[in-house]
Amino acid sequence: MEKELYDSYIEILREELLPAMGCTEPIAVALAAATARDTLGAIPDRITLLVSGNIVKNVKSVVVPHTGGLKGLAASVAAGIIAGDAEKKLEVIADVTPEQIPKIKEYLEKTPCTITESNSGCIFDIEIRTFCGEHSAAVRIAGHHTNIVRIEKDNRVLFYIDYQDPFSENTAAREQSRKKADRNLLTVENIVRFADEVDLSLIHDIIHRQIAYNTAIAEEGLRNAYGAQIGRILLSSYGDGVQNRAKAMAAAGSDARMNGCELPVVINSGSGNQGITASLPVIVYAKELGAREELLHRALVVANLVTIHLKTGIGRLSAYCGATSAGCGAGAGITYLYGGRFREISHTIVNAIAINSGVICDGAKASCAAKIASSVEAGLLGMQMFLHGSQFKDGDGIVTKGVENTIRNVGELAREGMKETDREIIHLMLQKIG
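Below is a short write-up of the structure. The structure presented is a predicted model; accordingly, all values stated were derived computationally and were not measured.

### Re the overall build of the chain
On a plain count of helices and strands, the chain comes out with 17 helices and eight strands. Its C-alpha atoms give the chain a radius of gyration of 21 Å, within 12% of the compact-globule value 22 Å for 434 residues. Each of the three principal axes of the chain carries a C-alpha extent, and together these read 70 × 50 × 45 Å. Taking as baseline every contact in the chain between residues at least 6 positions apart, the subset at least 24 positions apart corresponds to 75%.

Here's what the structure looks like:
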């Protein structure tokens, strides 16, 4: 594998497999708030928040960790203002003290916070303006969760990046907005080759952390009654077979994460749920098969990079449920564990896409766990179909000849075809912003 491509794939894993505490959209809001507070140099006495509809959608119904069960945008702001450490990025509220929790609630109740939906056209957009007396500070995060593009104090710009939405129709804007490692270099064939060849010592810490963090939160979700308890219900209803355990562990991780668990996860494509979905089924199957650590790590490389590859054409936030892509990634990783390579993995991905594409994202909440279980099932069924000589073929719906062409179709469906769906979901959900 050529060095430039090899190095890019390593960098993609380093950029994407990051630790995060809590659902990443409220955490991004808390990061913006903590950064604005630091810039202001004081606790604000009033706040205005301007956010894109997809941010509102993904914050509205999820519990913000370390807040005593508070939900919503204003709670995310209050947590960031009172207890946030902006230097910790997606772990901005990981170290809230017991003494700070009641202060977050008190601040939320007494401080005016005006929330408005943005019309900037940017899918991922958070802009907070804080005030203390005659002084003000503003911060904007756009594109992805830690991408601060503007900081102001007293209407003077301190930091600015000319951000362009990567899904703009303008080609130059798309090129300008790419991260250091170009996700468009990903292909299924090269992902499999990279997994076979990569020096695991270069990514050992990243993958090991993903295994440790995501397993711990899944086990916590199975021990305790978080959310709709999808993981626990799966085990009690359908038994302890490896296929059911794979679904239950992934669902339980989401059960805990969506409902206030204060354990971190390692994310994928900006999402903890996608990080959980891509990794935990592979971990469960590796244990069942008695796979060596080296094989598990290589299978997780496949699962993570396939997930990122699918998400690249879709975008960070969409009406298309991201767990669907991660379920395909999990199926690909498990196929690798069983000895499958490019041909087998390609058919697994295409089959899984044909089964579950079109599941909507109507925000982060308890039902994400059930969607994750469904997505893992689709990935596993996609693998079993091919093992039994069955597959979906060119012309079956959005499936077309070649795995890369089918992946491109999914990107177009999610990014372009579901724009109106996204607007309608937001309209139905957001009668009240808070």
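Having seen the structure, we can now continue with the description.
### As for the packing of helix α8 (residues 204-223) against helix α11 (residues 272-289)
Two measures define how a pair of helices packs: the angle their axes make with one another and the distance between the axes. Viewed as axis vectors pointing N to C, α8 and α11 meet at an angle of 90 degrees, and their least axial separation amounts to 10 Å. By the angle between their directions, the pair α8 and α11 is classed as roughly perpendicular. Contacts from Gln210, Ile211, Asn214, Thr215, Ile217 and Ala218 in α8 reach Gly275, Ile276, Ser279, Leu280 and Ile283 in α11. Here the contact of α8 with α11 is composed, by residue class, of six nonpolar, five polar and no charged.

### Observations concerning the packing of helix α4 (residues 73-83) against helix α5 (residues 100-110)
With their axes 9 Å apart at the nearest point, α4 and α5 run at an angle of 125 degrees to one another. Looking at the two axes, α4 sits oblique to α5. In the crossing of α4 with α5, the sense of the turn from one axis to the other is right-handed. Facing Ala74, Ala75, Ala78, Ala79, Ile81, Ile82 and Ala83 of α4, the residues of α5 in contact are Gln100, Lys103, Ile104, Tyr107 and Leu108. Here the residues of the contact of α4 with α5 sort into ten nonpolar, one polar and one charged.

### Some details on the nonpolar core
Residues Ile126 and Leu305 are the most contacted members of the largest nonpolar core, which totals 120 residues. For this core, the element with the highest residue contribution is helix α12 (residues 293-314), accounting for eleven residues. Not counting residues within four places of it along the chain, the set of residues in contact with Ile126 comprises Ala28, Val29, Ala32, Leu49, Leu50, Val51, Ile55, Val139, Arg140 and Ile141. Within the second largest apolar cluster, six residues are counted, among which are Ile230, Ala248, Ala251 and Ala369.

### Describing the pattern of salt bridges
Where charged atoms of side chains with opposite charge meet at close range, the side chains can pair. Under the defined criterion, the tally for this structure stands at 24 salt bridges. With a closest N to O distance of 2.0 Å, Asp95 and Lys88 form a salt bridge. Asp95 sits in the partly exposed class, given a relative accessible area of 47%. Residue classification places Lys88 among the partly exposed positions, given a relative accessible area of 35%. A salt bridge links Glu189 to Arg193, with the nearest nitrogen and oxygen atoms 3.6 Å apart.

### Things to note about the side chain of Asn190
Counting through the fold element by element, Asn190 comes out in helix α7 (residues 188-197). Its relative accessible area of 15% is what places Asn190 among the buried residues. One polar contact links Asn190 to Arg193, side chain to side chain, over a distance of 2.5 Å. Once you skip the residues sitting within four places of it in the chain, Asn190 turns out to touch Met1, Leu5 and Tyr9.

### Examining the environment of Ser120
Secondary-structure assignment places Ser120 in the loop between β3 (113-117) and β4 (125-132). By relative accessible area, Ser120 is classed as partly exposed at 41%. Residues Ser120 and Ser52, spaced 68 residues apart in sequence, show a C-alpha to C-alpha distance of 7.6 Å. Excluding anything up to four places from it in sequence, Ser120 contacts Asp125 and Arg140. Engagement of the side chain of Ser120 in a polar contact is seen with the backbone nitrogen of Cys122, the distance being 3.1 Å. Side-chain polar atoms of Ser120 contact the side chain of Asp125, separated by 2.6 Å.

### Let's talk about the environment of Leu310
Inspection of the secondary structure puts Leu310 in helix α12. When the C-alpha atoms of Leu310 and Ser325 are compared, they prove to be 5.9 Å apart, with 15 residues separating the residues in sequence.

### Here's the deal with the sheet that holds strand β5 (residues 135-142)
In spatial order, the strands read β3-β2-β4-β5-β6-β7; together these six strands make up an open sheet with mixed pairing. Two strands lie at the open edges of the sheet, namely β3 and β7 (156-160), each paired on one side alone. Shown here is a sheet whose adjacent strand axes are inclined to one another by a mean of 10 degrees, direction ignored. Direction of pairing for strand β2 (residues 46-51) relative to β4: antiparallel, over a ladder of six bridges. Bridged to Ile47 within β4 is Thr130. Against the sheet, α4 makes contact with β2, β3 and β4, and its axis sits at roughly 125 degrees relative to β2, the strand it touches most.

Cut-offs applied
- The residue count restarts for each chain, going from 1 along the sequence in the order it is written.
- Per-residue local features of the predicted model are confined to residues with pLDDT of at least 70, and side-chain atom pairs are confined, for both listing and counting, to 80 or more; whole-chain, interface and lining totals are unaffected and use all residues.
- Values shown for side chains rest on all heavy atoms present in the structure; no hydrogens or waters enter the calculation.
- Helix and strand assignments come from DSSP, with helices taken as H or I runs of at least 4 residues and strands as E runs of at least 2, each series counted from the N terminus.
- The globule rule is 2.2 Å times the number of residues to the power 0.38, and the radius of gyration it is compared with is taken over C-alpha atoms.
- In what follows, a contact means two residues having at least one pair of non-hydrogen atoms within 4.5 Å.
- Simply put, an axis is a line fit to the C-alpha atoms, just over the touching stretch for a helix, and the angle between two N-to-C directions goes from 0 to 180 degrees.
- Angle categories: roughly parallel below 35 degrees, roughly antiparallel above 145, roughly perpendicular from 65 to 115, and oblique for all the rest.
- Three classes are used, and their members are as follows: Ala, Val, Leu, Ile, Met, Phe, Trp, Tyr, Cys and Pro are nonpolar, Asp, Glu, Lys and Arg are charged, and the others, Gly among them, are polar.
- For any helix crossing, the convention is left-handed if the near helix is rotated counterclockwise from the far helix by under a right angle, and right-handed if that rotation is clockwise.
- We call a set of buried Ala, Val, Leu, Ile, Met, Phe, Trp, Tyr and Cys residues a nonpolar core when their side-chain atoms join them within 4.5 Å.
- Categorising residues by exposure relies on relative accessible area from a 1.4 Å probe, with only protein chains included: less than 20% of the type maximum marks a residue as buried, more than 50% marks it as exposed, and the intermediate range marks it as partly exposed.
- By convention in these notes, a salt bridge is any Lys or Arg side-chain nitrogen within 4 Å of a carboxyl oxygen on Asp or Glu.
- Each polar contact in these results corresponds to two N or O atoms within 3.5 Å; when the atoms are within protein, one needs to be able to donate a hydrogen and the other to accept it, and residues that are neighboring in sequence are counted only if both atoms are side-chain atoms.
- Strands pair, by our definition, only if DSSP identifies at least two bridges between them.

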